[in-house]
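# Structural overview for review
Single-letter residue listing:
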Amino acid sequence: MSSKQNLKREPKPIEERIATSIVTLRNKKKKGISAVIVTAYTYPEALLADQAGVDIILVGDSLGMTTQGYKSTIAVTMDDMISHCRGVWRANQKSFQIGDMPFMSYQESSKLAIRNAGRFLKEGGCDAVKIEGAMIDRVKAIVDSGIIVMSHLGLTPQSRAALGGYRVQGKSMDATEKILNDALKLQDAGCSFLLLEAMPKESAAIIANELSIPVYGVGAGDQVDGQLVILHDLIGMFFDFKSKFVKRYCDAGEMILEALKDYAYEVRTGKFPTKENFYEMNEDELEVMLQDPKWKYILEK
Ligand code: KIV
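Calculation notes
- Residues numbered from 1 in each chain as written.
- Predicted model: local features only at pLDDT ≥ 70, side-chain atom pairs only at ≥ 80, totals over all residues.
- Heavy atoms only, no water.
- Helix = DSSP H or I, 4+ residues; strand = E, 2+ residues; numbered from the N terminus.
- Rg over C-alpha atoms; globule rule 2.2 N^0.38 Å.
- Buried < 20%, exposed > 50% of the residue type's maximum accessible area, 1.4 Å probe, protein only.
- Contact = heavy atoms within 4.5 Å.
- Areas by Shrake-Rupley, 256 points an atom, 1.4 Å probe, with all protein chains shown as cover.
- Lys, Arg positive; Asp, Glu negative; His and termini not counted.
- Charge placed at Lys NZ, Arg CZ, Asp CG, Glu CD.
- Patch = residues over 30% accessible without salt bridge, like charges linked within 9 Å, V, L, I, M, F, W, Y side chains within 5 Å.
- Salt bridge = Lys/Arg side-chain N within 4 Å of Asp/Glu carboxyl O.
- Near = heavy atom within 4 Å.
- Polar contact = N/O pair within 3.5 Å; in protein donor to acceptor, adjacent residues only side chain to side chain.
- Expected span 1.5 Å × (residues − 1).
- Core = buried A, V, L, I, M, F, W, Y, C linked by side-chain atoms within 4.5 Å.
- Axes fitted to C-alpha atoms, helices over the stretch in contact; angles between N-to-C directions.
- Parallel < 35°, antiparallel > 145°, perpendicular 65-115°, else oblique.
- Left-handed = near helix turned anticlockwise from the far one by under 90°.
- Nonpolar A, V, L, I, M, F, W, Y, C, P; charged D, E, K, R; others polar.

## Details of the overall build of the protein
What the protein contains, in helices and strands, is 13 helices and eight strands. Taken against the 2.2 N^0.38 rule, which gives 19 Å for 301 residues, the C-alpha radius of gyration of the protein at 24 Å runs more than 25% over that of a compact globule. Its C-alpha atoms give the protein principal-axis dimensions of about 85 × 50 × 35 Å. The buried share of the protein, reckoned over its 301 residues, is 43%. A fraction of 59% describes how many contacts in the protein between residues 6 or more apart in sequence connect residues 24 or more apart. Here the protein displays about 17000 Å² of accessible surface, and carbon together with sulfur accounts for 55% of that area. When the 38 basic and 40 acidic side-chain charges of the protein are each reduced to a single mean position, those positions are 5 Å apart.

## Topic: a negative patch on the surface
Together, Glu 283, Asp 284, Glu 285 and Glu 287 make up a negatively charged patch on the protein surface. Mapped onto the elements of the fold, Glu 287 is located in helix 12 (residues 283–291).

## Considerations on the site of the ligand
Neighbouring the ligand are the residues Thr 39, Leu 58, Gly 60, Asp 61, Ser 62, Asp 100, Lys 130, His 152, Leu 195, Glu 197, Val 218 and Ile 230. Within the contact set of the ligand, an oxygen atom lies 2.5 Å away from a side-chain nitrogen or oxygen of Ser 62. A distance of 2.9 Å separates an oxygen atom of the ligand from a polar atom in the side chain of Asp 100.

## Quick look at the pattern of salt bridges
Here the structure, examined in full by the defined rule, presents twelve salt bridges. We note a salt bridge from Glu 258 to Lys 261, for which the minimum N-O separation is 3.3 Å. Of this pair, Glu 258 and Lys 261 are both found in helix 11 (residues 252–268), three residues apart, which corresponds to roughly one turn of the helix. For Glu 258, a relative accessible area of 33% gives the class partly exposed. Among the charged side chains, a network of salt bridges with common partners joins Asp 79, Arg 119 and Glu 123.

## What to know about helix 4 (residues 78–91)
Compared with the 20 Å implied by 1.5 Å per residue over 14 residues, the 20 Å span of helix 4 between its first and last C-alpha is a close match. Three or more residues of helix 4 are buried, namely Met 78, Met 81, Ile 82, His 84, Cys 85, Gly 87, Val 88 and Ala 91.

## Looking at the nonpolar core
Counting residues in each nonpolar core, the largest one holds 47 residues, and the members touching the most others are Phe 120, Ile 142, Leu 194, Leu 196 and Ile 207. Among the elements that make up this core, the one with the highest residue count is helix 4 (six residues). In contact with Leu 194, not counting residues within four places along its chain, are Ser 151, His 152, Leu 153, Ala 183, Ile 207, Leu 211, Ile 213, Pro 214, Val 215 and Tyr 216. Counting residues in hydrophobic clusters, the runner-up holds 15 residues, among them Ile 37, Ile 98, Met 150 and Leu 228.

## Overview of the packing of helix 4 against helix 5 (residues 110–122)
Two elements in contact, helix 4 and helix 5, have axes separated by 9 Å at closest approach and are oriented at 25°. By the angle class used here, helix 4 and helix 5 are roughly parallel. Crossing geometry of helix 4 relative to helix 5 is assigned as right-handed. In this structure, helix 4 contributes Met 78, Asp 79, Met 81, Ile 82, Cys 85 and Trp 89 to the contact, and helix 5 contributes Asn 116, Arg 119, Phe 120 and Lys 122. Residue composition of the contact of helix 4 with helix 5, by class: six nonpolar, one polar and three charged.

This is the structure we're talking about:
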């Protein structure tokens, strides 16, 4: 029986689980076990992701679109990221937490990149940071300062305008070789993980095979070392568009909408609140109040 067939749907109770580390993640690649990565941006989201036993929680700058309502990730600031990371930090017990460096938090200089990467660890409780693009010098500088880095190639949403939109990348042999060369340079610069977004399965498979570090995919096929899906896509809470690579596991948006309609209807029709939602007054006290004509009218309603 392959080791994959022994895997169970139900994770171990959280207190029995060992916290995921860079070593665990490297070992998964060696054993051919896919790592599970999901985004989470808030305390309750991270609580559930961690309880479900995911390996990595990415506090992605996609929060700009899923949670803040912008049309892209460009407006997200370092302070936004740190604030969201802190909520995740307080919830997360066992998952490896990665903070996504937002647009213009690392491009300007290595000094700025190191300072901001450090904030993710010191103020946001992250284990590592993620950087978009072939930022070899920045990656090296951050790694040299003792911080674990995940690089992100393929479709890099912060460069959406330069890429001409959210387009699949690495569709030709030349394009694949360019991404592979960048990936190898990033690996040499010390990055510990690579994330490939929106690429053909074959291109991503070549890169995952050529690199010794774990290579994860979001819309990059099944021949990589792990999968990432944005939480709001997975649970049906992102309403603007649905990418081809997304599988929706539930429709939380629809459930919440129906619950809110039920609530509004019940308040308007007097069905909520009812006895089971009321606090009781002390009986003796109530007796005393009922004797007072001033209050009697309201208490007998
Ligand atoms: O911000 C994010 O969630 C990401 C994913 C799209 C990979 O970078």
